[in-house]
Amino acid sequence: MWDDAFPSFLIGLREGLEAGLIVSILVATLVRAEARSRLPQVWTGVLAAVAVAMSFGAVLTFTAASMPQTAQEAFGGILSVIAVAFVTAMVFWMRRSARSLSGELKEKVTGALAMGSGVLILTSFLAVGREGLETALFLWTTAQAAGESAGPLTGAGIGLVLAAGLCWGLYRRVLKINLTKFFTATGAVLIVIAAGVLGYGLRDLQEGGVLPGKTAYAVDLASSVDAGSWYSTLVQGVLNLTPTMTWLQVVAYVAYLAVVMTLFVRGVQATAPKPAKERPAPEPKADRPERRRPVWVVPAAVVAVPAVIAGLVVALARPKPAGDQTVAVSGTECGKGFTAPRPGRQTFQMKNTGGKTSEVYLIDPTTSAVYGEIEGLAPGTTRDLVATVAGGTYAWRCVPTGGKAVTSKSVTVTGGGAAKPVVPVSEQDLAAPLKAYKAYVGQGLATLVAQTRTLADDIDGNHLDKARTDWLTAHRTYSSLGAAYGTFEDFDKKINGRADGLPGGVQDKDFSGFHRLEYGLWHGQSAKELTGPAQQLATDVAGLGKAFPSQDFDPGDLPLRAHEILENTLQFELTGDTDEGSGTNLATADANLTGTRELLTVLKPLLTTRAPKLLPTVDADIARVQKLLDAAHDGDRWTAVDKLAAADRQQLNGATGQLLEDLAPIPDLLEIRKSA
């Protein structure tokens, strides 16, 4: 559960600290100014922000939908910029108020705070609201990924409690210091924080497509700074500075800090106003009857209004069956009952009325692009298919097992909105990439045959030092052929099998191949003991080289392997699980990365047309992993995984995990669909 809880713990701590810092300063200011009567205004703003955030979370949960990614980024960016504006105004208002309060605190505080009451409420609302909305969205997405795990909520709760404790400590401390010095110190801190929030907000606007320069990086330290480390988390959480920043972010950060901090410091250095002369106390005004609303009205309203709005949104926006229609799926009734739905997110009830298990796709009949699909719909069963519908033409394509695809009559949907279908991939589309990759594997196997023969000759001649070098060369060649392992049949087990699961472990008679030789070469076994396994490896590799041209290479394996090669690398090589003594797991990981790069090269034409932004992101990820691997060896000498510094190992695992995350969409994008 901790694996699910830790990311939410960090976000709870970060967002709680950002919001709590400003709120604690506001509360402390009012307490020091003996204006406790203004505290309900601040807490009302905080309560309103919490209510909005919780209502937003409820909308996400009960509608099972979220804003598009670009809309999320644009919304967060706009709110961040607004927050910076109000925080900046608050800093200068604090400074001016501090100077006026220092001489005549009791006399003038009421007037000064009255002038700034709206700013106080709005600042507290924006400080908590921005973080609350981000937290609600983050927790919803992590909870969806974690399934039934309670980890995300647990982690977020711990983080928020810890943040509240830290802010309480800050609050207690500021109550004991000089008010003017307090305003000066906290004002400077707030300006630095606001500069980071501004850069953060501008990055969101770039991600949302509102501002240009998304890929124009001024700073890119992602390969040398571990984003998951405690110090990186602290800097990102408090200052909103990230290892990768665009030119717009850097320029805005520096410009804001230079201008605002300069104006702030000049104001602080200005001559303080002279103490005010004694003035006769104003005559008390006659008491007038004052109509006051009950104290509970405003707090109740700020909670109730967002809750009511959220309820209406849930009621109106929650996906409903499209016109209560049930759509038939079979070879003879495909699409029966289908009528033009309204634009938006819709749920279709798909019922298999035929006698065969079927696949069904909601498609654009002109391009065969797929909007939604169900695989393995058994006879007599009904399942929901959820899809987003926009203006355009739609039809159903039913593919019974062993039968021909049948396409229903098309319907036209009028209205706006946007829906992004997946352009289907056929075996013919993958024919050219498959041919190119098979040629790459064939050439690699030819090289491997010669390398394993050289390795066998080294051992036969008792040149064990040379054999260790040649073993690594040959094993790297084999590891670079990652996408073809599924076609090698029994050869892979003979050539690269592991001792795990064998009754005798490394001493088992069936333990063979590269890892058998690795164990012997790095555990002091003699050439006589290794000659047989070395000759057998050379024979098996030669057999694979002859058999490969006629082996069945499923074209669907190509997109699958784009993710699986490095998934296995993270599971086996980067844990040291496959090390039999050579300490060269990182060399194997490097070869696996080479194989992944080659695979992406042959798939590039298909990926470029379907996800043009994916490959540049993946290329940047690969470059980061490659840089980290390059730093782990000097020539043929590689650092063993268990000898890596903890920070270096964490960086490598994190960079590989990010690469895996960005590679994950490829199997779905390039899945061979029978509707094509």
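Here the residue numbers are simple positions, counted from 1 along each chain's written sequence. Owing to the predicted nature of the model, reporting of local features is limited to residues with pLDDT of at least 70; listing and counting of side-chain atom pairs is limited to 80 or more, with chain, interface and lining totals taken over all residues. The side-chain figures draw on all heavy atoms in the structure; neither hydrogens nor water molecules are used.

(A) Spatial organisation of the overall build of the chain. Runs of E in the DSSP output that reach at least two residues are strands. Runs of H or I that reach at least four are helices, and both are numbered from the N terminus. Secondary structure assignment for the chain yields 19 helices and twelve strands. Only protein chains enter the calculation, and the probe is 1.4 Å; a residue is then buried if its accessible area is under 20% of its type maximum, exposed if over 50%, and partly exposed in between. By the burial criterion, 46% of the 676 residues in the chain qualify as buried. Contacts are residue-level and defined by heavy atoms, with any inter-residue pair within 4.5 Å sufficient. Within the chain, residue pairs in contact and separated by at least 24 positions form 76% of the contacts whose partners lie at least 6 positions apart. Surface accessibility of the chain: about 33800 Å² in total, with carbon and sulfur atoms responsible for 59%. Each accessible area value is a Shrake-Rupley result obtained with a 1.4 Å probe; residue values ignore everything except the protein chains displayed when judging cover.

(B) Geometry of the state of the cysteines. Any pair of cysteine sulfurs within 2.5 Å is marked as a disulfide. Under the defined criterion, the tally for this structure stands at one disulfide. One disulfide bridge connects C334 with C398, the sulfur atoms lying 2.1 Å from each other. Because the torsion about its S-S bond is 85°, the bridge between C334 and C398 counts as right-handed. Residue C334 is found in the loop between β3 (321–329) and β4 (344–352), and its partner C398 is found in strand β8 (residues 392–400); the two are separated by 64 residues along the sequence. As far as burial versus exposure is concerned, C334 and C398 are alike and both buried.

(C) Quick peek at the packing of aromatic side chains. A pair of Phe, Tyr and Trp rings is counted when the ring centres sit within 6.5 Å of each other, with Trp represented by its six-membered ring. The angle between the planes then sorts it: under 30 degrees is stacked, over 60 is edge-to-face, the rest tilted. For the coordinates displayed, the defined rule picks out twelve aromatic pairs. With a centroid separation of 6.1 Å and an interplanar angle of 70°, the aromatic rings of F338 and F348 are classed as edge-to-face. Placement of F338 in the loop between β3 and β4 and of F348 in strand β4 is noted, with a sequence separation of ten residues between them. With respect to burial, F338 and F348 carry one shared label: buried. With a centroid separation of 6.0 Å and an interplanar angle of 80°, the aromatic rings of F488 and F548 are classed as edge-to-face. Taken together, the residues span a long stretch of sequence, with F488 in the loop between α11 (464–479) and α12 (491–496) and F548 in the loop between α14 (527–547) and α15 (557–573) at a distance of 60 residues.

(D) View of the pattern of salt bridges. Just to be clear on terms, a salt bridge is a Lys or Arg side-chain nitrogen sitting within 4 Å of an Asp or Glu carboxyl oxygen. Per the counting criterion, the structure on display carries eleven salt bridges. D500 is paired through a salt bridge with R498; the nearest N and O atoms lie 2.6 Å apart. For the salt bridge of D557 with R561, the shortest nitrogen-to-oxygen distance reads 3.7 Å. Taken together, the residues D557 and R561, both in helix α15 and four residues apart, mark about one turn of the helix.

(E) A look at the side chain of T452. Secondary-structure assignment places T452 in helix α10 (residues 431–460). With relative accessibility at 0%, the residue T452 sits in the buried group. The residues touching T452, leaving out its near neighbours within four places in the chain, are A474, F514, L537, A538 and V541.

(F) Up close: the pairing of strand β6 (residues 370–377). Where strand β5 (residues 358–363) lies against β6, five bridges are found, and the strand directions are antiparallel. Bridge assignment links I363 to a residue of β6, and that residue is V370. Here a strand pair is declared whenever DSSP counts at least two bridges between the two strands.

(G) Looking closely at the nonpolar core. Think of a nonpolar core as a cluster: buried Ala, Val, Leu, Ile, Met, Phe, Trp, Tyr and Cys residues, connected wherever their side-chain atoms sit within 4.5 Å. Within the largest apolar cluster, 70 residues are counted, with the highest numbers of intra-cluster contacts made by Y437, V441, I459, L586, L599 and L607. If we ignore the near neighbours within four places in the chain, the residues touching L599 are Y437, A483, L558, R561, A562 and I565. Counting 20 residues, the second-largest nonpolar core is a separate cluster that includes Y371, L377, W396 and C398.

(H) Expanded view of the confidence of the model for the chain. A score between 0 and 100, pLDDT records how confident the predictor is in each residue. Looking at the chain, the pLDDT average stands at 78 and 68% of residues meet or exceed 70. A low-confidence stretch, residues 271–291 (pLDDT under 50), is modelled with six contacts involving residues beyond four sequence positions or located in other chains.

(I) Main features of the packing of α11 against helix α16 (residues 585–610). Each axis is a line fitted through C-alpha atoms, taken for helices only over the stretch in contact, and angles between the N-to-C directions span 0 to 180 degrees. Running from N to C, α11 and α16 cross one another at 35°; their axes reach a closest spacing of 8 Å. When the axes of α11 and α16 are compared, the crossing they make is right-handed. On α16, the residues touching L472, H475, R476 and S479 of α11 are A587, T588, D590, A591 and N592. Each residue belonging to the contact of α11 with α16 can be placed in one class, and the counts come to three nonpolar, four polar and two charged. Two helices that cross are described as forming a left-handed crossing if the nearer one is turned anticlockwise from the farther one by less than a right angle, and a right-handed crossing if clockwise. Under this grouping Gly is polar, as are all residues other than the nonpolar Ala, Val, Leu, Ile, Met, Phe, Trp, Tyr, Cys and Pro and the charged Asp, Glu, Lys and Arg.

(J) Examining the environment of Y361 more closely. Looking at where Y361 falls in the secondary structure, it is placed in strand β5. Each C-alpha atom of the pair Y361 and Y371 lies 7.4 Å from the other, and the pair is ten residues apart in sequence. Polar side-chain contacts of Y361 include one of 2.5 Å to the side chain of E359. A 3.5 Å cut-off defines polar contacts: any pair of N or O atoms within that distance qualifies, except that in protein one atom must be a possible hydrogen donor and the other a possible acceptor, and neighbouring residues in sequence count only when both atoms are side-chain atoms.

(K) Representation of the environment of K438. By the secondary structure assignment, K438 is in helix α10. Sequence separation of K438 and P549 is 111 residues, and the distance between their C-alpha atoms is 8.1 Å. Beyond its immediate sequence surroundings of up to four residues, K438 is in contact with F548, P549 and F553.

(L) α14, seen in detail. The terminal C-alpha atoms of α14, which comprises 21 residues, lie 30 Å apart, in line with the 30 Å expected from a rise of 1.5 Å per residue. Along α14, the residues classified as buried are A527, L530, P533, A534, L537, A538, D540, V541 and L544. An end-on view of α14 places all buried positions within 165° of arc, on one side of the element. Away from the buried face of α14 by more than 90 degrees, exposed residues K528 and K546 are located. To estimate the expected span of a helix, subtract one from its residue number and multiply by 1.5 Å. Arc definition: it is the arc formed by the directions from the helix axis to the C-beta atoms.

(M) Up close: the packing of α15 against α16. The N-to-C vectors of α15 and α16 enclose an angle of 170°; their axes lie 10 Å apart at closest approach. As judged from the angle between their axes, α15 and α16 are roughly antiparallel. Judged by the sense of rotation from one axis to the other, the crossing of α15 with α16 is left-handed. The segment α15 lies against α16, with L558, P559, R561, A562, I565, L566, T569, F572 and E573 engaging N585, T588, A589, N592, L593, G595, T596, L599, L600 and L603. Residues of the contact of α15 with α16, tallied by class, amount to eleven nonpolar, six polar and two charged. Here the word oblique covers every angle except those under 35 degrees (roughly parallel), over 145 (roughly antiparallel) and from 65 to 115 (roughly perpendicular).

(N) Spotlight on unusual backbone geometry. The residue S368 is not glycine, and still its phi comes out positive at about 65°. As for its placement among the helices and strands, S368 is situated in the loop between β5 and β6. Residue S368 is classed as buried on the basis of its relative accessible area, which comes to 15%. A positive phi angle, close to 65°, is found at N462, a residue other than glycine. Within the secondary structure layout, N462 lies in the loop between α10 and α11.

(O) Geometry of helix α13 (residues 514–521). Of all eight residues in α13, eight are buried; the element is thus mostly enclosed. All of the buried residues along α13 are F514, H515, R516, L517, E518, Y519, G520 and L521.

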